[in-house]
Amino acid sequence: MLSHARIWSAIDRLAERNKLSASALARRAGLDPTSFNKSKRTSPDGRPRWPSTESISKILSATGTEIGAFLGLAERRDNRRPLHLVPLLGLAQAGAGGFFDDGGFPAGQGWDEIAFPASGADNVFALEVSGDSMLPLYRDGDTIIVQRDAQCRKGDRVVVKTNEGEVMAKVLSRKTTKSVDLASLNPAHRNRTLALGDIEWMGRIIWASQ
């Protein structure tokens, strides 16, 4: 049976198969980028909203997918963990104002969305890696999932945003009451020591799509 949940799951799986977020899939098909956002899947009064046949036709055409294959995605059941949609932003954009609230959580406009295997974690968002500063662990174009309120311990891979808007991914090597020492993932880039007062927020990397 093609239920509301399965149809939307098929759209998410089609996006994942093409290495896209649901929003990026909509853009590729010439649709409004928010067409497949999680908030659009139910009406304000809680009733389910179904994607139109036109929008499904457009995403199938944009990805070269046959209708039978799409229906297979809707019917497929496997043992993977369920997918969870989280906000997605480019790493360079994360340093700009307006994307995070005062607590360091996603806010405002401009966020895309990406699906990742649900882990039960709350307050998570995704950043798309750019450049080579995170080699060899993360390459340009990889996506990392950050949990903003996770307790960070020595040896954890973390993302830090400074009060000046600099965003960096490092390994937490030491934390005191006054400062944190951060080791670079790429040995070509220098390690950093930051005063706690200079850090706007720090989150732990809990998952990566590579």
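Everything discussed here concerns the structure shown above.
All of these numbers come straight from a predicted model, not from anything done at the bench.

1. Concerning the pairing of strand β4 (residues 143-147)
Right, on to step 1. Within β4, five of the five residues are buried, which leaves it mostly tucked inside the rest of the structure.
Right, on to step 2. Both faces of β4 are covered, namely the face carrying T143, I145 and Q147 and the face carrying I144 and V146.
Right, on to step 3. In the sheet, strand β3 (residues 124-128) pairs with β4 via five bridges, with the strands oriented antiparallel. Residue F125 lies in a different strand from β4, and its bridge partner there is V146.
Right, on to step 4. Of the strand pairs in this sheet, β4 and strand β9 (residues 199-209) are connected by five bridges, and their pairing is antiparallel. Looking at β9, one finds that Q147 is bridged to R204.

2. What about the packing of aromatic side chains?
Right, on to step 1. According to the stated counting rule, one finds two aromatic pairs in the structure shown.
Right, on to step 2. Consider the rings of F125 and W201, whose centres lie 5.6 Å apart with planes at 85°: the pair is edge-to-face. A residue pair is termed long-range when its members are at least 10 positions apart, and F125 in strand β3 and W201 in strand β9 qualify at 76 residues. A single burial state applies to F125 and to W201, both of which are buried.

Cut-offs used in this document
- Residues numbered from 1 in each chain as written.
- Predicted model: local features only at pLDDT ≥ 70, side-chain atom pairs only at ≥ 80, totals over all residues.
- Heavy atoms only, no water.
- Buried < 20%, exposed > 50% of the residue type's maximum accessible area, 1.4 Å probe, protein only.
- Helix = DSSP H or I, 4+ residues; strand = E, 2+ residues; numbered from the N terminus.
- Pairing = 2+ DSSP bridges.
- Phe/Tyr/Trp six-rings, centres within 6.5 Å; stacked < 30°, edge-to-face > 60°.

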